[in-house]
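Examination of the molecular architecture
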Amino acid sequence: MFIGTDNFSNCKACGKKVPIRLRNCPHCREPDPQLRNCLGWRVNYTKSLDPTVPEKSPWPFRIPSGTRFTILSFIAIIAAAIATDFFVPDLAIELFGLSDESAKVWQGLLHMVMFVVLAICMAAVLKRED
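Residues numbered from 1 in each chain as written. Predicted model: local features only at pLDDT ≥ 70, side-chain atom pairs only at ≥ 80, totals over all residues. Heavy atoms only, no water.

1. A closer look at the pattern of salt bridges
Scanning the entire structure with this criterion turns up two salt bridges. Taking the shortest distance from any N to any O, the salt bridge between D32 and K12 comes out at 3.9 Å. You can see D32 sitting in the loop between β2 (17–19) and α1 (68–96) and its partner K12 sitting in the loop between β1 (8–10) and β2, a full 20 residues away along the chain. Overall, D32 belongs to the partly exposed group, its relative accessible area being 36%. The network of salt bridges with common partners includes K12, D32 and R36. (Salt bridge = Lys/Arg side-chain N within 4 Å of Asp/Glu carboxyl O. Helix = DSSP H or I, 4+ residues; strand = E, 2+ residues; numbered from the N terminus. Buried < 20%, exposed > 50% of the residue type's maximum accessible area, 1.4 Å probe, protein only.)

Encoded structure:
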């Protein structure tokens, strides 16, 4: 794109987005707010100069600080699913005196609960913050 052909420019005083047709900046009331280069040509709007635009994260998914617990519970559920595959039927039969079929039923119920919680944790971790 050529210099000065866009409909917006940065204000030279506050750096915010300003339409080229305005004579005063609506944010800081600067007269003649369009940013110009060294040759006097108007410069197109640049997000890096605007202080109101948040910085983009290099990661495709932003993880807010409140979901650290979600990530840890996600890892714990995966570890618990692996552990229940190996230990739950034998421990249920040995400790609680359950039969083999009822131990398998309890293991299946435990897996169903873990899959639901795992899906909730994955959705919370992969949720984008806009």
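2. Looking at the packing of aromatic side chains
Summed over all chains, the structure comprises zero aromatic pairs. One Lys or Arg, K17, reaches over the ring of F8 and ends 4.3 Å from the middle of that ring. Above the ring of Y45, the side-chain terminus of K17 is found at 5.0 Å from the ring centroid. (Phe/Tyr/Trp six-rings, centres within 6.5 Å; stacked < 30°, edge-to-face > 60°. Lys NZ or Arg CZ within 6 Å of the ring centre and 35° of its normal.)

3. Some thoughts on a negative patch on the surface
Side chains of D90, E94, D100 and E101 sit close together on the surface and give a patch of like negative charge. Contributing elements (two or more residues each) for the negative patch: α1 and α2 (100–126). By the element assignment, E94 lies in helix α1. E94 sits in the exposed class, given a relative accessible area of 65%. (Patch = residues over 30% accessible without salt bridge, like charges linked within 9 Å, V, L, I, M, F, W, Y side chains within 5 Å. Areas by Shrake-Rupley, 256 points an atom, 1.4 Å probe, with all protein chains shown as cover. Lys, Arg positive; Asp, Glu negative; His and termini not counted. Charge placed at Lys NZ, Arg CZ, Asp CG, Glu CD.)

4. Observations concerning the environment of A103
Structurally, A103 is set in helix α2. Sequence-wise, A103 and I93 are ten residues apart; in three dimensions their C-alpha atoms are separated by 6.5 Å.

5. As for the confidence of the model for the protein
Looking at the protein, the pLDDT average stands at 77 and 78% of residues meet or exceed 70. Within the protein, no element has a lower average pLDDT than α1, which sits at 73, and none a higher one than β2, at 90. (pLDDT = per-residue confidence, 0-100.)

6. Considerations on unusual backbone geometry
Even without glycine at this site, R29 takes up a positive phi of about 65°. Positionally, R29 belongs in the loop between β2 and α1. Residue R29 is classed as exposed on the basis of its relative accessible area, which comes to 62%. The phi dihedral of D32 falls on the positive side, at around 50°, and the residue is not glycine.

7. With respect to a nonpolar patch on the surface
On the surface, a nonpolar cluster with roughly 380 Å² of combined accessible area is contributed by W106, L109, V113 and V117. Counting through the fold element by element, V117 comes out in helix α2. Its relative accessible area of 35% is what places V117 among the partly exposed residues.

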